[in-house]
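# Examination of the molecular architecture
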Amino acid sequence: MTRDLRRLAVFSGKRLVALFFTVVIGVYLTIFIANMGGQIDELRLAQIENEVAEEVRADPAFHDLPSERREELMEERIQMEVERLRLDEPFLVRSVDYLLQALSLDLGRAEEMHSDAGSRQVAQIILERLPATVLLFGTANLLVFFVAVFAALSLSRRYGSKLDRSVIALAPSSAAPAWFYGIFLVLLFSFMVPLFPSGGMVSAPPPEGGWAYAASVIKHMALPVAAMFIAQIFISIYSWRTFFLIHSSEDYVEMARAKGLPNNLIEQRYILRPTLSPIVTSFLLMLIGLWSGAIILEQVFNWPGLGTLLFEAIGHRDTPVIIGSVVIFAYLLAITVFVLDFLYAVLDPRVRIEGGQK
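Within each chain, residue numbers correspond to sequence positions counted from 1 in written order. For a predicted model such as this one, the threshold for reporting local features is a pLDDT of at least 70, and the threshold for listing and counting side-chain atom pairs is 80 or more; totals across whole chains, interfaces and linings nevertheless cover every residue. Based on all heavy atoms of the structure, the side-chain values leave hydrogens and waters out of the count.

### Section: the overall build of the protein chain
Secondary structure elements follow DSSP: runs of H or I of four or more residues count as helices, runs of E of two or more count as strands, with numbering from the N terminus. The helix and strand inventory of the protein chain stands at 13 helices and zero strands. The N-to-C order of helical and strand elements in the protein chain reads α-α-α-α-α-α-α-α-α-α-α-α-α. Burial here depends on accessible area, computed with a 1.4 Å probe over protein chains only, as a share of the maximum for the residue type. Under 20% is buried, over 50% is exposed, and the range in between is partly exposed. Going through the 358 residues of the protein chain one by one, you find that 38% of them count as buried. Any pair of residues with heavy atoms lying within 4.5 Å of one another is described as a contacting pair. Contacts in the protein chain between residues at least 24 apart in sequence constitute 71% of all its contacts with a sequence separation of at least 6. Only the protein chains shown count as cover for residues, and all accessible areas are computed by the Shrake-Rupley method using a 1.4 Å probe. When the accessible surface of the protein chain is summed, it comes to about 20,100 Å², and 65% of that surface belongs to carbon and sulfur atoms.

In structure tokens form, the structure reads like this:
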């Protein structure tokens, strides 16, 4: 038992280190690109000069001062702001500090944006949007997973049927992203046949009462969840049905049938259990791809999540919010990959950790 725990600890440590370095590289590249290799500092300096000049012109206390004195005060204010933002230091030095702060989730203050509560703290802005993204994508992907698993298992019993061939024919439809189907769903069910709202997370003004609020959220979720469901379901059923067909032809399955075991027991013990590892793998890899598509999908439905936040931050050139959003996405992806490694061992008894490796 102690040996197994030690192996598990070594394996976990190696995986965490590898994922950590992956996150570090991704976050640093984001910092470098978002700051245009330091070129954005010139834009910030010009912005500071314009803001200080406007403040001086708007303040009556400066009107009676000589022009030379006004210029001196303006330079002093500009220099104070430059020192506060550390623009007088080399960008490479500041980029390393930005990286360390980002990795520790010390995301600082936003330059232009703020939370609904008025906070300029990037962490508060992101925490305000994160639940909406998790709710939407979590609901859609859990729905896809359970429907696809049971549908694929059912189709594996009806290999070659009309329904089986129909799913195969519809599988290429998953090549289109979820936001593509979202546009048509909005046109059809929000404008032509107005059954669902076209965007947002809740009605305005929000309904009073917990049940009424939840019902409004569910109604607003219907179209984006349907878009993600349509984009994933057919390829998932087709892929996982293939896994079931492969395992259902194994010798141990034929032996179980020869012994007269019930079909439900054979499917659960000898077909479903061994195939869960590749199924969960493909599902989580698909989930990783969906995180990257959150920006466009949430924009289509005006869903107030991390994707919309990142899009707005890019529009405002709010570098701290951009970096903070990417950091959260990077951690979400790293957690997904890390959890995947342990699901292998839980779902497939043939997987063992030896010397810190599987």
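Picking up after the structure, the text goes on.
### Things to note about the packing of aromatic side chains
Under the pairing criterion, centres of Phe, Tyr and Trp rings, with the six-membered ring standing for Trp, must be within 6.5 Å; the plane angle then separates stacked pairs below 30 degrees from edge-to-face pairs above 60, leaving the rest tilted. Across all of its chains, the model carries five aromatic pairs by this definition. Between Phe-145 and Phe-146 the ring centres are 5.3 Å apart and the planes differ by 80°, which places this aromatic pair in the edge-to-face class. Each residue in the set Phe-145, Phe-146 and Trp-240 is aromatic and connected to the rest through ring pairs, giving one cluster.

### Quick look at the packing of helix H5 (residues 122–156) against helix H12 (residues 306–316)
Here, axes are lines fitted to C-alpha atoms. For helices the fit covers the stretch in contact, and angles between N-to-C directions go from 0 to 180 degrees. Orientation of H5 relative to H12, taken along the N-to-C sense of each, is 135°, at an axis distance of 8 Å. Classified by the angle their axes make, H5 and H12 are oblique. Together, Ile-125, Ile-126, Arg-129, Leu-130 and Thr-133 of H5 and Leu-306, Gly-307, Thr-308, Leu-309 and Glu-312 of H12 make up the contact between the two elements. Residue classes in the contact of H5 with H12 are distributed as five nonpolar, three polar and two charged. Any angle that is under 35 degrees is reported as roughly parallel, and any over 145 degrees as roughly antiparallel; angles of 65 to 115 degrees are reported as roughly perpendicular and all others as oblique. Side-chain classes follow a simple rule in which Ala, Val, Leu, Ile, Met, Phe, Trp, Tyr, Cys and Pro form the nonpolar group, Asp, Glu, Lys and Arg form the charged group, and the remainder, Gly included, forms the polar group.

### Describing a negative patch on the surface
Residues enter a patch when their relative accessible area is above 30% and they make no salt bridge; the linking distance is 9 Å between like charges and 5 Å between nonpolar side chains (Val, Leu, Ile, Met, Phe, Trp, Tyr). One side-chain nitrogen of Lys or Arg within 4 Å of one carboxyl oxygen of Asp or Glu is enough to make a salt bridge. The charged-residue count follows a simple rule in which Lys and Arg add positive charge and Asp and Glu add negative charge, with His and chain termini not counted at all. One atom stands in for each charge, and that atom is NZ of Lys, CZ of Arg, CG of Asp or CD of Glu. On the surface, a cluster of negative charge is made up of Glu-49, Glu-68, Glu-71 and Glu-75. Ranked by residue count, the leading element in the negative patch is helix H3 (residues 67–85), at three residues. Along the chain, Glu-75 falls in helix H3.

### Examining helix H4 (residues 91–103)
Multiplying 1.5 Å by the residue count of a helix minus one yields the expected span of that helix. Between its first and last C-alpha atoms H4 spans 18 Å; for 13 residues at 1.5 Å apiece the expected length is 18 Å, and the two agree. Three or more residues of H4 are buried, namely Phe-91, Arg-94, Ser-95, Tyr-98, Leu-99, Ala-102 and Leu-103. An end-on view of H4 places all buried positions within 165° of arc, on one side of the element. At the C-terminal side of H4, Leu-105 shows a positive phi close to 65°. Starting at the helix axis, one direction is taken to each C-beta atom, and the arc is that of these directions.

### Let's talk about the pattern of salt bridges
Opposite charge on two side chains makes pairing possible when the charged atoms of those side chains draw close. Summed over all chains, the structure comprises two salt bridges. Salt-bridge contacts for Glu-312 lead to Arg-129; the nearest nitrogen and oxygen are separated by 3.2 Å. In this pair, Glu-312 sits in helix H12 while Arg-129 sits in helix H5, placing the two residues 183 residues apart along the sequence. On the basis of relative accessibility, which here comes to 12%, the residue Arg-129 falls in the buried class. One salt bridge in this structure joins Asp-164 and Arg-241, with 2.8 Å as the shortest N-O distance. Of this pair, Asp-164 sits in helix H6 (residues 162–170) while Arg-241 sits in helix H8 (residues 210–248), placing them 77 residues apart in sequence. The two residues Asp-164 and Arg-241 agree in class, both being buried.

### Observations concerning the nonpolar core
Residues Val-27, Ile-126, Met-228, Leu-309 and Val-321 are the most contacted members of the largest nonpolar core, which totals 49 residues. Only helix H1 (2–34), H4, H5, helix H7 (178–192), H8, helix H11 (294–300), H12 and helix H13 (319–347) provide two or more residues apiece to this core. Those residues in contact with Val-321 that lie beyond four places of it in its chain are Ala-110, Met-113, Val-122, Leu-309 and Ala-313. If you look at the next biggest cluster of nonpolar residues, it comprises 22 residues, including Val-149, Ala-152, Ile-233 and Val-253. Definition used in this section: a nonpolar core is a set of buried Ala, Val, Leu, Ile, Met, Phe, Trp, Tyr and Cys residues joined via side-chain atoms within 4.5 Å.

### Points about the layout of surface pockets
Grid points spaced at 1 Å over the protein atoms alone were grouped into cavities, where a 1.4 Å probe fits but cannot get out, and pockets, open sets with protein on both sides within 12 Å along at least five of seven lines, with lining residues defined by an atom within 4 Å of a point. Grid points are joined across faces, edges and corners, and a volume is the space filled by probe spheres set on the points. In this structure, the largest pocket encloses a volume near 750 Å³. Lining the largest pocket are 24 residues; nearest its centre among them are Arg-44, Leu-85, Arg-109, Glu-111 and Pro-320. Of the residues assigned to the lining of the largest pocket, the class counts are eight nonpolar, six polar and 10 charged.

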